[in-house]
Amino acid sequence: MTSASATGDTGESVRRTAAIPRERTGGIAVRAASLDLPATLQTRVERGAWLNRATGEQRAVVLGAVAASRLGLRDVGDQVWIGSQWWTVVGVLAPSPLAPEIDRSVLTGFEAARTHLGFDGHPTTLYTRSADEAVGDVREVLPRTVNPENPEEVEVSRPSDALVARAAADGALTGLLLGLGGVALLVGGVGVANTMVISVLERRGEIGLRRSLGATRGQVRAQFLAESLLLSGAGGAAGAVLGTLVTVGYAAVGGLPAVIPLWALAGGVGATLLVGTVAGIYPAMRAARMSPTLALSTA
């Protein structure tokens, strides 16, 4: 084990002012926290500073990321109402993926919680950080170490397992979306190829006339290949615009920032152009091989 920290649930609620009913907690807990908690959780302070020996004994608090958002507080020096007293915000934490409950907490020092909130000083949650090869051993001995009399009452969890599962789920979803995109490109390529083949058959007279006037096979081939690229490029551009609009609309409805990487748009359009090139090769070659006299006679 490389480090260990603790938090304790004080049972108090936090409010912006004393006028707000006590039962309206907003899902935010008031917890006493060890001074080394950010180091154990690898959570950085986004604004202000973490508790130290001095502020850990005073009516000072650090807000979790979600707690700060729900309370509408963003600045150091703001005050909140806890236990019939005003407490000063000295810092705001960045999101803590290993401990999401910390994001929904208002944190103060153990000494301040004892003095001003009547906290009994007993931690309710322990956080430990261990080397990968020692995690299993630590997990085995932790219950008896924390509560020798009733080790079965100790619940041990490994937050990194949830992160691994989330990453696996994200990877599976990404693979599924890529697969669907590949199928869509394949269907689009077949559609472009069919359209160009039909175009060649319907424009035999035009092809024969151009060949009779001196157009070479290469020029005819380039013409139909260019048309295939234009057709697929127009479809790719329309898809990129539609995807952008859907993304922006979904983000606006959910109150989220819309993030649209330019490389993704460029990659989508580029993929459609590549598919259009491949799909247009056969129709272009078929048009180029067509005999002028046969084309004019069958037009």
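Provided above is the structure to which this section pertains.
Within any chain, residue numbers begin from 1 and follow the written order of that chain's sequence. Given that the model is predicted, a residue must reach a pLDDT of at least 70 before its local features are reported, and side-chain atom pairs must reach 80 or more before they are shown or counted; all residues, however, enter totals for whole chains, interfaces and linings. To obtain the side-chain values, all non-hydrogen atoms of the structure were included, while hydrogens and water were left out.

(A) The arrangement of the packing of aromatic side chains in detail. Whether two aromatic rings pair depends on their centres lying within 6.5 Å, for rings of Phe, Tyr and Trp, where Trp uses its six-membered ring; planes under 30 degrees apart make the pair stacked, over 60 edge-to-face, and the rest tilted. The full count for this structure, using the stated rule, is 2 aromatic pairs. Relative to Trp86, the ring of Trp81 has its centre 5.0 Å away and its plane inclined at 75 degrees; by these criteria the two rings are edge-to-face. The rule is simple: take the accessible area with a 1.4 Å probe, protein chains only, and divide by the maximum for that residue type; under 20% is buried, over 50% is exposed, in between is partly exposed. We classify Trp81 as buried; its relative accessible area is 15%. Ring geometry for Phe110 and Phe119: centres 5.8 Å apart, planes at 45 degrees, overall tilted. Grouping residues by exposure puts Phe110 and Phe119 together as buried.

(B) Quick peek at a nonpolar patch on the surface. Residues enter patches when they are more than 30% accessible in relative terms and free of salt bridges; like-charged ones are connected within 9 Å and nonpolar ones (Val, Leu, Ile, Met, Phe, Trp, Tyr) within 5 Å. For every accessible area listed, the method is Shrake-Rupley and the probe measures 1.4 Å; residues are considered covered only by the protein chains on display. Only one rule defines a salt bridge in this text: a Lys or Arg side-chain nitrogen within 4 Å of an Asp or Glu carboxyl oxygen. A contiguous nonpolar patch, built from Leu173, Leu176, Leu177 and Leu180 and spanning about 400 Å² of accessible area, is present on the exposed surface. Secondary structure counts use DSSP, requiring at least four H or I residues in a row for a helix and at least two E residues in a row for a strand, with both numbered from the N terminus. On the secondary structure map, Leu180 appears in helix α6 (residues 159-202). Judged by its relative accessible area of 51%, Leu180 falls in the exposed class.

(C) Up close: the side chain of Ser199. As for its placement among the helices and strands, Ser199 is situated in helix α6. What makes two residues a contact is simply this: any of their non-hydrogen atoms within 4.5 Å. Look past the residues within four positions of Ser199 in its chain and what remains in contact with it is Phe224 and Glu227.

(D) Up close: the packing of helix α7 (residues 204-212) against helix α8 (residues 217-254). A fitted line through C-alpha atoms represents every axis, and for helices the fit uses only the stretch in contact; the resulting angles, taken between N-to-C directions, go from 0 to 180 degrees. Put simply, α7 and α8 touch, their axes get as near as 10 Å, and they point 145 degrees apart. Considering how the two elements wind past one another, α7 and α8 form a crossing that is right-handed. Residues Glu206, Ile207, Arg210 and Arg211 of α7 form the contact with α8, whose participating residues are Arg217, Gln219, Val220, Gln223 and Phe224. Side-chain classes are defined by residue name, with Ala, Val, Leu, Ile, Met, Phe, Trp, Tyr, Cys and Pro counting as nonpolar, Asp, Glu, Lys and Arg as charged, and the others, Gly among them, as polar. In terms of residue class, the contact of α7 with α8 is made up of 3 nonpolar, 2 polar and 4 charged. A clockwise turn of the near helix away from the far one marks a right-handed crossing, whereas an anticlockwise turn of less than a right angle marks a left-handed crossing.

(E) Representation of the pairing of strand β8 (residues 105-109) within the structure. Across the 5 residues that make up β8, a large majority, 5, are buried. Pairing between two strands requires that DSSP report at least two bridges joining them. Note: strand β3 (residues 29-33) against β8, 5 bridges, orientation parallel. The residue of β8 that forms the bridge with Ala29 is Ser105. Where strand β5 (residues 60-63) lies against β8, 2 bridges are found, and the strand directions are antiparallel. Bridging from a neighbouring strand, Leu63 pairs with Val106 of β8.

(F) Structural detail: the packing of α8 against helix α9 (residues 262-289). α9 packs onto α8 with a crossing angle of 155 degrees between their chain directions and a minimal axis gap of 7 Å. By the criterion of interaxial angle, the relationship of α8 to α9 is roughly antiparallel. The interaxial crossing formed by α8 with α9 has right-handed handedness. Of the residues belonging to the contact of α8 with α9, the class tally is 15 nonpolar, 9 polar and 3 charged. Oblique is the label for any angle not covered by the other classes, which are roughly parallel (under 35 degrees), roughly antiparallel (over 145) and roughly perpendicular (65 to 115).

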